[in-house]
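# An overview of the molecular structure
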Amino acid sequence: MAGGQRRRREGGRLLLPALLLGLCWRAAAERLRYTIPEELGRGSLVGPLARDLGLSPADLPTRKLRLASAAKRHLQYFTVSGENGNLYVSERLDREEMCGEAASCSVSFEALVQNPLNVFHVEVAIQDVNDNSPAFSKAALDLEINEFTSPGARFPLEMARDADVGSNSLLTYQLTDNPAFTLAVKENPGGKKHPELVLESALDREEQSSFQLVLTAVDSGNPVRSGTVQVRINVTDANDNAPVFTKSVYETRVRENVPAGSLVLRVRATDVDAGSNGWVSYSFGNVPDGVRVLFSVDSESGEVRTAGPLDFEEKSKYSFGLEARDGGGLTGHCEVQINITDENDNAPEITILSVSSPVPEDAPAGTVVALLNVKDPDSRENGEVSCELSGAAPLSLVSLSGGSYKVVTASALDREQAAEHRVTVVARDRGRPSLSSSTALVLEVSDVNDNAPVFEEAAYSAYVAENKAAGAPVLRVLAVDPDAGANGRVSYWLAGGSADAAAYVSVEARSGALYAQRSFDYEQCREFAVVVRAQDGGEPARSSTATVRVFVLDRNDNAPRVLWPAPEAGERVPGSAPALEPFEVVPRSAEAGYLVAKVVAVDADAGRNAWLSYELVQAAEPALFRVGLHSGEVRTARAVSERDAAKQRLVAVVKDHGQPALSATATLRVVLAESLQEALPELSERAAGAESAAELQFYLLRYSVPEEVPKGSFVGDVAKDLGLQLPTLRDRGARIIDRGRTQYFALHGKTGHLVTAERIDREQLCTSVQQCLLRCEVILEGDMQVHEIEVEITDINDNAPSFKEVVLEERISEMTAPGSRFPLAGAHDPDSGPNSVQSYELSGDEHFSLAVQTGPGGDQRPELVLAKALDREEAAFHELVLRASDGGEPARTGTARIRVAVLDANDNAPVFSQAEYTVRVPEDVPVGFTLVIVTATDSDEGLNGHVKYSLKKITQIASQIFQLDSETGAITLVRSLDFEEGDTYEVEVQARDGGELFDTAKVAITVTDVNDNPPELTVMSQLSEVSEDSLSGTVVALLHVQDRDSGPNGEVRCSLDGDVPFRLHSSRSSYYSVVTARELDREQVSEYNVTVRAADGGSPALWSSAVLWLRVLDVNDNAPVFAEARYSARVPENNAAGALVLRVRAWDADWGQNARVRYRLGEGRVRGAPLSSYVSVEAETGALYALRSFDYEEVREVGLWVRAEDGGAPALSSNVSVRLVIVDENDNAPQVLYPPAAPLVPGAGWAGVELAPRSAEPGALVAKVVAVDADAGQNAWLSYELAKATEPGLFRVGLHSGEVRTARFPLARDAARQSLVVVVKDHGRPALSATATLTVVLAESVAELLAELGSAASAAAPGEPAGSLTRWLVLAVAAVSCLFLAFLLLLLALRLRRWRRSQLLAAGSGALHGVPASHFVGIDGVRAFLHSYSHEVSLTADSRKSQLRFSGASCCDTLPARPPLDEPAPLLGEDPAAPPQILPSAISDRVLVVRKMK
């Protein structure tokens, strides 16, 4: 970039730290080595470190020499002096503590110096001195050797250990002189020497029972150091004494509930034998399994401890035997009696024996409703219990004897108020602390029939239509009984009412629904009443009644019945003589209306259904008779004539008014007649009832039956014993009730005998009970009698004795003396009495006999007695048979095999399968892993052949890592291995049998490396800042990498993460430098987080990382940049001084002082004045302020340069152009050029006098008002208006041209002199104006004009001579001529100036470009004025050229203003091609035109 050279110059000072770091890197390969002996005192000199590094004492303060190490513990041993730079010992050096058994020992660390940064590797080798004596792990070695051991036997001794290395650790051994033993040294493949004790002559314990020897280990150091250990040899004898307890009976007391493992007592037995023969182990004798569950005995100490929870309530005393057995198999016995003391550990137990639930509610107060039994298994006050009831209930608790209580009613009960009562029985003992228990007692109150049913209504009414089918519901009555069960179950029945009411309705007993028994007939029964009784199911029953009135509703189900004439009158019985039909007699003299007869009919229905109407439907003479519609009277309708027949037959219809209507007919024969009669019948019914009761009785029967009798066997004659006959027994419903789960008895229905229903096994039903009873009841349901039956089950010899174990194992030493006794496990027989075990027998070998001891409870305890000495060489095992017999008939027996193993003496030492075990194991095996299993065998038997393993020679570190199982010989890990802490371990394992003989073996464990350590990445030194113009390859950090693993696992590769402008450079295996890979640019990235990753070569690879934070320092390589390429602003004129015009803004991409931007103005001038007098810029913000008020008419545009400069060294800058455009304001009023203003001095003459002929036509040009406005644009647009005139209608003014023309013909009456006032106004806001006064003289010639003016002057100034006017006119013409000449000279000067400026401004100036054409509009008025007087001024606004030309008709006395048209010359001497210029106001804004008076 443009500032690259500056960056390199300024970044030079920032490269110094990086260069120094690079020098440090090149020196990092140097290594210093010192060698010192161990055990040097604190402050001892190690070496002149500063001198060896090439540093003088004067350099030390600035180079800051110090020590550093990734392993912090190495720094505690050494220190460097700040005065002379020497390396000293700061802490005592112990090579054995620092490096253990390693052959070489050294401490490595780094020496760092600053200014520049450098690192040196220092290694201090620690030499071994002979400062450790050989040492044994024990002060004394104890050996037990049997007096029968053969000469030449070897006994390995413990090796001594010397912490030194090399020749200082080479050992030799010496033994004190003695006649029985010598010393032999055995060298293993690794070069180590193992001492062994060799028996030279036979031992005799009676001559000498022990030996005291001294074993000395001597190293090869200078001076020589040695260590000793005492070897104590005990000569053991043969086993000829059995163990003997100190007491035959041990008695103690122990609290119940003591935790498992609590010590109860300690028994002790002694054996006068020595060695293993005198070693006593303790065990249980023949004890029940329950004892083994509750107690345990330590086989070595004889401590009896609890193994399970003891409970005083289960058993308060335990008695069992213990056995003491020596190493030779001889035993001794004792009895242990343990009394259990009670503690308050049992809460009271509440047992509800009986509950009379439910209790009838009419039970009297004091009725027993429940029986309780409360007991506490604890004793004394812990078992004393008090009871109480908790809860609101009408019950109370009454104490009985033996911990029993009864719950009685305290007041009357009412089931309808409370159907059940819940109370809590709380029992609390008197222990400390007190224990309590509770149980809920729920008492149901049974109902007593003390409430009669109650009907919902006292009387019911029902309405039933007649002719309904039988069974139709009529009504439902409901009665409620608050009692429960059968007492509250209501049944309904009819209890009376109207006569025969029961024949009409019935009531359903359960629901109370009334049903019709038949179809009701309103004509027979219109209403009736029944009484319904509601009765509950209690005993005695209670009832209540309700009356039900049933109303039958009529239906039109009966046709009218004709009573007369009788319809059956005309019927006759077959075979009988014809009967005489009834007839009526009507005299022939009867007049009309004569009553002949009356049809009488009735309708059984009621109401409208019974309303009848009559109609004559048939007659021999229809007109002769008529029937009354409602009366049924048959009357003559006219007088009877002679021609009417003597017999008339009339048929009348009788009809009711039902829906549908029913009818009947009546036939009437009319002659002379007589009358008829009628009759009706009646009925009756009856009822009855009865009740009965009975009583309950109880008896007891006892029988006996042997067990195992077949099903159906006779037990007893129940019928005979109850004094009942078989038919009576069957009639009374006798049956057997057995309350148990299985019914063992049944009652034979034909014989009345009690027989067995199931197989009965006494041992299953009544285990460990002498008398076995079964109970049942016989119930006579007819008599309500219950008789209890007790049946005793007698024992038979149905079980043979049996041993818990069929094979009994016994181990007896061949040295056991004859007469020794060995308790055997007894047999068990479930039978009782004489059927149980009675005797034992032994068979099978002459070496043993049997003795039977009788226990305190009468039980027999068999013991095996050694009758003859054993010899294991003759027989290693003896097989015996133990037989147990009971006393039953026939006798039953059970057998057990006894296997006796003969133990031999301890005459063989253990032998390892290998003298040395070699194991290779990776370091990452888990804790608990089994590395190797060492195996040693001993040809002896039993305890003498039982081998236990132990570690004899092991370093302290190894003892924390490895563990040896004493039983299996397995060496396992108890702590994780670490190859980096130790790669090899050697331990010595000893195998010792029960007779104290032993052998040793070496175990060499080699740890192989696994990749379990990630690389350790240490930042030794780093730069936190680097200049962005640093050269490629600049060192920014120094790293140290190490991996504690070995081989490929320790090979580390480093890399950088991400795309960063850095790379790694390695000069040695463990040091790396981070250098720049390319140029840095802070403006792109201002800081870096560089992640250095170190990965090893393991599989899978492990890695670690470190993050380097690096800030890039800024260099001033960027110039400020403006936000815009150029700025422009519009400033209104007349602005206030100090107003804000514009704000420019520039940014610098650099940082800090390099990015701090300040602003200033470039050099320039405006209208000859310095630019700084017009505007200023604020250095910090870039704000431009106006220092003065601008005037558009003076300055229309200002161009300037603003410079932005940063704070770097050297500073960088940039420029921007600023264009300020001045905006015009309407601050100038129009200026009238013509007519000129009237002179202020009186008599100075006339100004603006125009001549107008009187013959002028309308529209004739009189004059033109010429005005200009210095403003621009709309502010310079002018309009003209005639404000005042002598003759307002004579003249008019052009609105935009300012031309004054005649508006009509002048009249003779018009005054010769006319005064016109014209107002000129611009278009600004607000508008500004000016006035022009014009005098027009109406005259035909100049002479008239002058005369008029003269008369006017005379009139104006009567004291002044008349020739003054002429004088003034001459002076005016001369002045105008002079002016014209001056004007020509000015044009020439401007011409010359234009040529000069064309040379100076060849490139053109931008200051006046773009001036709008509207700025020159004000010149139009001048052009109009010149045109009207034959002069034409042509102003071209766009080209800035002005031309003045004369028309061909111009007068010769008009002053020329410009050259002819064919010789154009720019106005004011400007070149047409030149850029527009700002015209001086005296020339551009005003044009003076003088017209010579004619």
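Just so it is clear, the model here is predicted, and its values are computed rather than measured.

## Details of the overall build of the protein chain
Scanning the protein chain for helices and strands turns up 16 helices and 104 strands. A buried classification covers 42% of the 1494 residues belonging to the protein chain. Restricting to contacts in the protein chain with at least 6 residues of sequence separation, those with at least 24 account for 67%. Surface exposure of the protein chain reaches about 77400 Å², of which carbon and sulfur atoms provide 51%.

## Quick notes on the sheet that holds strand β7 (residues 118-127)
Strand order in the open sheet made by the 4 strands is β1-β7-β6-β3, with mixed pairing throughout. Each of the sheet's edge strands pairs with one partner strand only, and the pair in question is β1 (31-37) and β3 (66-68). Adjacent strand axes in the sheet meet at a mean angle of 35° when their direction is disregarded. One ladder, built from 8 bridges, connects strand β6 (residues 106-113) with β7; its direction is antiparallel. Paired with alanine 111 across the two strands is phenylalanine 120, which belongs to β7.

## Things to note about the pattern of salt bridges
Under the counting rule described, the total for this entry stands at 41 salt bridges. Between arginine 305 and glutamate 303 there is a salt bridge, with its nearest N and O atoms 2.9 Å apart. For arginine 305, a relative accessible area of 29% puts it in the partly exposed group. Between lysine 1002 and glutamate 916 there is a salt bridge, with the nearest N and O atoms lying 3.7 Å from each other. Taken together, the residues lysine 1002 in strand β74 (residues 998-1008) and glutamate 916 in strand β67 (residues 916-922) connect sequence positions 86 residues apart. Bridged by salt links that share partners, the residues Arg702, Arg775, Glu788 and Glu790 form one connected network.

## Quick word on the sheet that holds strand β92 (residues 1197-1205)
Read from one edge of the open sheet, 4 strands run β84-β93-β92-β87, paired in mixed fashion. Edge strands, defined here as strands with exactly one partner in the open sheet, are β84 (1126-1132) and β87 (1158-1161). Recorded for the sheet is a direction-independent mean angle of 30° between the axes of neighbouring strands. Bridge count between β92 and strand β93 (residues 1213-1223): 9 bridges; the pairing is antiparallel.

## Re the packing of aromatic side chains
Tallied over the full model, the rule gives 19 aromatic pairs. With 6.2 Å between their ring centres and 50° between their planes, phenylalanine 245 and tyrosine 282 make a pair best called tilted. Of the two residues, phenylalanine 245 sits in strand β15 (residues 244-245) while tyrosine 282 sits in strand β19 (residues 280-284), which places them 37 residues apart along the sequence. Neither phenylalanine 245 nor tyrosine 282 differs from the other in exposure class; each is buried.

## A short note on the nonpolar core
Core analysis: the largest hydrophobic core is formed by 31 residues, its most contacted members being Val1144, Tyr1159, Leu1200, Val1202 and Val1218. Only β84, β85 (1140-1143), β87, β90 (1175-1177), β91 (1183-1186), β92 and β93 provide two or more residues apiece to this core. Aside from chain neighbours lying at most four places away, what touches leucine 1200 is Leu1161, Leu1171, Val1175, Leu1184, Val1216, Ser1217, Val1218 and Leu1220. Counting 28 residues, the second largest nonpolar core, distinct from the first, contains Val505, Phe520, Ala534 and Val548.

## Some words on the side chain of arginine 1082
Relative to the helices and strands, arginine 1082 is located in the loop between β80 (1071-1076) and β81 (1087-1096). Its relative accessible area of 9% is what places arginine 1082 among the buried residues. One polar contact links the side chain of arginine 1082 to the main-chain carbonyl oxygen of alanine 1149, over a distance of 2.8 Å. Among residues more than four places away in sequence, those in contact with arginine 1082 are Glu1028, Val1112, Leu1113, Asp1114, Ala1149, Asp1150 and Trp1151.

## Description of the state of the cysteines
Taken as a whole and judged by the stated rule, the model has 2 disulfides. Here cysteine 99 is linked by a disulfide to cysteine 105, with a sulfur-sulfur distance of 1.8 Å. Here the disulfide of cysteine 99 and cysteine 105 is right-handed, its torsion about the S-S bond being about 55°. Put simply, cysteine 766 and cysteine 772 are joined by a disulfide, and their sulfur atoms are 1.9 Å apart. Handedness of the cysteine 766-cysteine 772 disulfide follows from its S-S torsion of about 55°: it is right-handed.

## Section: a nonpolar patch on the surface
On the surface, Leu353, Val368, Leu371, Val398 and Leu400 cluster together into a nonpolar patch covering about 360 Å² of accessible area. Along the chain, valine 398 falls in strand β28 (residues 395-399). On the basis of relative accessibility, which here comes to 31%, the residue valine 398 falls in the partly exposed class.

## Side note on the side chain of serine 813
With respect to the helices and strands, serine 813 occurs in strand β58 (residues 807-813). Of the residues examined, serine 813 reaches a relative accessible area of 3% and is grouped as buried. The contact partners of serine 813, leaving out residues within four places of it in the chain, are Gly328, Gly329, Leu870 and Leu903.

## Description of the pairing of β1
Of the two faces of β1, the one lined by Leu32, Tyr34 and Ile36 is fully buried and the one lined by Arg31, Arg33, Thr35 and Pro37 carries no buried residue. One ladder, built from 7 bridges, connects β1 with β7; its direction is parallel. When the sheet's bridge partners are listed, isoleucine 36 is paired in β7 with isoleucine 126.

## A short note on unusual backbone geometry
Backbone torsion omega between asparagine 222 and proline 223 reads 5°, so that peptide bond is classified as cis. Mapping proline 223 onto the fold places it in the loop between β13 (210-218) and β14 (226-236). Phi angles above zero are rare outside glycine, and glutamate 39 is one such case at about 65°.

## Some details on the confidence of the model for the protein chain
Here the protein chain averages 80 in pLDDT, and 85% of its residues register 70 or above. In the model, residues 569-580 has pLDDT below 50 throughout and makes 2 contacts with residues more than four positions away in sequence or in other chains.

## Digging into the environment of leucine 157
Structurally, leucine 157 is set in the loop between β9 (154-156) and β10 (172-175). When its relative accessible area of 2% is taken as the criterion, leucine 157 is described as buried. In the structure, leucine 157 is positioned 74 residues away from valine 231 in sequence and 8.9 Å away in space, judged by C-alpha atoms. Apart from residues no more than four positions distant in its own chain, leucine 157 is found in contact with Leu141, Leu143, Leu183, Pro195, Glu196, Leu197, Leu215 and Phe998.

## So, the environment of alanine 541
With respect to the secondary-structure elements, alanine 541 resides in the loop between β39 (527-536) and β40 (543-553). For the pair formed by alanine 541 and alanine 486, sequence separation is 55 residues and the distance between their alpha carbons is 9.8 Å. Once you skip the residues sitting within four places of it in the chain, alanine 541 turns out to touch Asn449, Gln535 and Asp536.

## With respect to the environment of leucine 213
Checked against the element boundaries, leucine 213 lands in strand β13. For leucine 213, a relative accessible area of 3% corresponds to the buried category. Spatially, the C-alpha atoms of leucine 213 and isoleucine 233 are 8.0 Å apart, while their sequence positions differ by 20 residues. With residues up to four places along the chain from it excluded, the contact list for leucine 213 reads Leu175, Thr176, Asn178, Phe181, Leu197, Val229, Gln230, Val231 and Ile233.

Definitions and limits used
- Residues numbered from 1 in each chain as written.
- Predicted model: local features only at pLDDT ≥ 70, side-chain atom pairs only at ≥ 80, totals over all residues.
- Heavy atoms only, no water.
- Helix = DSSP H or I, 4+ residues; strand = E, 2+ residues; numbered from the N terminus.
- Buried < 20%, exposed > 50% of the residue type's maximum accessible area, 1.4 Å probe, protein only.
- Contact = heavy atoms within 4.5 Å.
- Areas by Shrake-Rupley, 256 points an atom, 1.4 Å probe, with all protein chains shown as cover.
- Pairing = 2+ DSSP bridges.
- Axes fitted to C-alpha atoms, helices over the stretch in contact; angles between N-to-C directions.
- Salt bridge = Lys/Arg side-chain N within 4 Å of Asp/Glu carboxyl O.
- Phe/Tyr/Trp six-rings, centres within 6.5 Å; stacked < 30°, edge-to-face > 60°.
- Core = buried A, V, L, I, M, F, W, Y, C linked by side-chain atoms within 4.5 Å.
- Polar contact = N/O pair within 3.5 Å; in protein donor to acceptor, adjacent residues only side chain to side chain.
- Disulfide = S-S within 2.5 Å.
- Patch = residues over 30% accessible without salt bridge, like charges linked within 9 Å, V, L, I, M, F, W, Y side chains within 5 Å.
- pLDDT = per-residue confidence, 0-100.

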